[in-house]
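Structure assessment
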Amino acid sequence: MSETNPFKSPNSTRADSSPVDPSKPDSEANAPELTIRVIVLGLILSVVMGAANVYVGLKAGMTVSASIPAAVMAMLVFRYLFRSNSILEANQVQTSASAGESLAAGIIFTMPALVMIGYWDNFDYWTITIVAFTGGLLGILFMIPMRKVFVVDNDELIYPEGVACASVLEAGTQVDGKSDDSGTSLILGGMLGGIFKLAGGFFGILLGTFEAAKIVGSRILYLGADVSPMLIAVGFIVRLNVALLIFIGGAISWLICIPIIGGADASLINAADPDQAKSAVDQAYGVWSSSARYIGVGAMVVGGFASLVSVFGGLVAAVKQIWNGIFDPQPEPDSKRDIPSWSILALGGLCTALLAYVNYSFTQDVTVTVVCTLAMLVLGFFFTAVASYIVGLVGNSNSPVSGMTITAVLVAGLMLYLMNYSGTDAMVATLGIAAIVCCVACTSGDVCNDLKTGSMVGASPFRQQIMQVLGVFVASFIMCPVLWALQGTEGGIGGKELPAPQAGLFASLAEGFFSDSNPLPWHLIAVGAGIGVVILIIDTILKYRKSSFRAYLMPIAVGMYLPFGLAIPILIGGIMAHFYSKGHPKEEHDRVLHRGVLFSSGVIAGEALTAVAIAIVLFSFGTKSMSLLEGQGTVLMVLTAGAFVAMIAAFAFLTKPSRDK
């Protein structure tokens, strides 16, 4: 079905069929793309954005695209350091940066699970590096033959973030005499995020979460909200529809399912034995962790299989594209040329060998190694199409990669279970498959998004793919050191500060398949699957009626298995974005919210990079963060409440659209 693109910018008429504006002089149409400054800056930002997103994903359970902040940073560097503007060079920088950033989710959603199940005492450097590089490279290679299917020849997919990034690039390189506050917005956002993280995460003068719970009989009533400008920024970027869906998912899990499930014990609050004492809040988290979030798993499985069905035609077309590229290659202009098929096959062979090495190191079994390696390749190829389709539909930041990975965990676990493979080795093999699939899905969705941006600004797909490979290669080497640093913080990865919800969930799923002591709650997964089917039906009805509001299943399922405290600030950010864009046509929303998106991107980068810096300092000196207000609970709560209100006010003021926009 073909739909009008509500996100298309006024300058996007060049996309796909005519990538370069013929009205522009040859000197601009043939402007350089891959220069030394582009490669150096792109690789630096791939490392920086990758490290930042490791923290964001461990804390918030989701990552956000680095495309827009990286594009703005590149334009600022070129403008003020080199005294020149180049839209093609800035695009290549953001392409490399976002490719490196995309690895973060693939690693943090899965690798911590190997520590949680006791397989590792600490993160293994070379295993993580090889998994990151191989999974990221496969994501690029699988996406290349699908470019024409999902980017060039598909009118249904709107690519909201890809189009927005193209608009940012074009606006940033136009010289019209007006002042450009893009850099100011980004810097102010970074300062706000960094200050809050320092205050709460290092000096201990702000609480991380406002939360309370009450036990009524055996039922638990819980309510909480994280005090994090980063989460408000995430909500502003994803906007109200998705933010509201995440909140709805959280409400289903925390406000409905947890009270229904029950199992609370008020006597534990003041238990005589300190080891048995559990507050009402702790008991609420216990019910969510052991029961409620598996309802979200069931919903995600339904969403994953529904997505596979929707993109089956794209998979067939991609196979044909590879076949024709090998046996019937056709010469193409530079603006439409991809990495050749023989290169894809050669690099794919290298990836297969590396995957076999990782699998054998996990299992020490040749048969299981072969089966797991084939499973990684097949599932990775399928979920490349799923990720590309969803990114085109709802954006890169909203891509439910964790849902795809859950599906991969269940498929891999069932496959190994039927092979009578059990124990810790089976858990590790399952998580290994999940890690590769997660990296593939993350990277391929990001690649697809960047190729859409490139097609709109006249970039060469071939050169973009080179920068994506370089970005993945460099970023893969820093994933493990960042995990080491964050693991050394108070509570570590999996603690209250960095809950790593996906990794904990995947560890539970793997243990549920192969451990009699902790079986999976299949009845709750079935309930979630039923809820997922109902949501799919509702969304189909909304789509048929051409409603402006959609009930996408994956964001709801994500909200169901994330801590509820994350949903409220995300909703606040979504409401702000809706308030500012209300009354404007949809095609103008990107322009109206441009300042707010840049500020939000700065907040995310500022809080995340500050958190990584704090972790590195604490890890290097073997110390703990300060608690300047320890024992002064009332003062701490009042100060936090005041800071939270002030932060929301500052956020609202600094994201308000400029009058001249």
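I will try to describe carefully the structure that is included in this document. (Residues numbered from 1 in each chain as written. Predicted model: local features only at pLDDT ≥ 70, side-chain atom pairs only at ≥ 80, totals over all residues. Heavy atoms only, no water.)

**Topic: the packing of helix H10 (residues 229–261) against helix H22 (residues 564–581)**
Running from N to C, H10 and H22 cross one another at 135 degrees; their axes reach a closest spacing of 5 Å. In terms of orientation, H10 and H22 fall into the oblique class. Of the two possible hands of crossing, H10 and H22 adopt the one that is left-handed. Of the residues in the contact of H10 with H22, the class split is 24 nonpolar, five polar and one charged. (Axes fitted to C-alpha atoms, helices over the stretch in contact; angles between N-to-C directions. Helix = DSSP H or I, 4+ residues; strand = E, 2+ residues; numbered from the N terminus. Parallel < 35°, antiparallel > 145°, perpendicular 65-115°, else oblique. Left-handed = near helix turned anticlockwise from the far one by under 90°. Nonpolar A, V, L, I, M, F, W, Y, C, P; charged D, E, K, R; others polar.)

**Here's the deal with a nonpolar patch on the surface**
A surface patch of nonpolar side chains, amounting to about 380 Å² of accessible area, comprises Ile187, Leu188, Met191 and Ile195. Note on placement: Ile187 falls in helix H9 (residues 182–202). Take Ile187: its relative accessible area is 52%, and that puts it in the exposed class. (Patch = residues over 30% accessible without salt bridge, like charges linked within 9 Å, V, L, I, M, F, W, Y side chains within 5 Å. Areas by Shrake-Rupley, 256 points an atom, 1.4 Å probe, with all protein chains shown as cover. Salt bridge = Lys/Arg side-chain N within 4 Å of Asp/Glu carboxyl O. Buried < 20%, exposed > 50% of the residue type's maximum accessible area, 1.4 Å probe, protein only.)

**Things to note about helix H17 (residues 461–476)**
One turn of an α-helix holds 3.6 residues; hence residues three or four places apart share an orientation. Under the 1.5 Å per step criterion, the end-to-end length of H17 is 22 Å for 16 residues, consistent within 8% with the ideal 22 Å. For H17, every residue scored as buried is listed here: Pro461, Gln464, Gln465, Met467, Gln468, Gly471, Val472, Ala475 and Ser476. Down the axis of H17, the smallest arc covering the buried residues is 160 degrees, so these residues share one side. (Expected span 1.5 Å × (residues − 1). Arc of directions from axis to C-beta.)

**Quick look at the pattern of salt bridges**
For the coordinates displayed, the defined rule picks out four salt bridges. Where Glu33 meets Arg463, a salt bridge forms, and the shortest distance between an N and an O atom there is 3.6 Å. Of this pair, Glu33 sits in the loop between helix H1 (26–29) and helix H2 (36–60) while Arg463 sits in helix H17; the two residues are 430 residues apart in sequence, bridging distant segments of the chain. Relative accessible area serves as the criterion here: at 28%, Arg463 is assigned to the partly exposed category.

**Quick word on helix H25 (residues 633–654)**
The terminal C-alpha atoms of H25, which comprises 22 residues, lie 31 Å apart, in line with the 32 Å expected from a rise of 1.5 Å per residue. Within H25 the residues assigned to the buried category are Leu636, Thr640, Ala643, Phe644, Met647, Phe651 and Leu654. Take H25 and look down its axis: the buried residues cluster within an arc of 115 degrees, on one side only. Structural note: H25 exposes Thr634, Val638, Val645 and Phe653 on the side pointing more than 90 degrees away from its buried face.

**Concerning the packing of helix H20 (residues 522–544) against helix H21 (residues 553–561)**
Packing of H20 against H21 brings their axes to within 10 Å, and their N-to-C directions diverge by 145 degrees. Crossing handedness for the pair H20 and H21: right-handed. Counting all contacts with H20, which are made through Ile531, Gly532, Ile535 and Leu536, the residues of H21 involved are Leu553, Ile556 and Met560. Grouping the amino acids of the contact of H20 with H21 by side-chain chemistry returns six nonpolar, one polar and no charged. (Contact = heavy atoms within 4.5 Å.)

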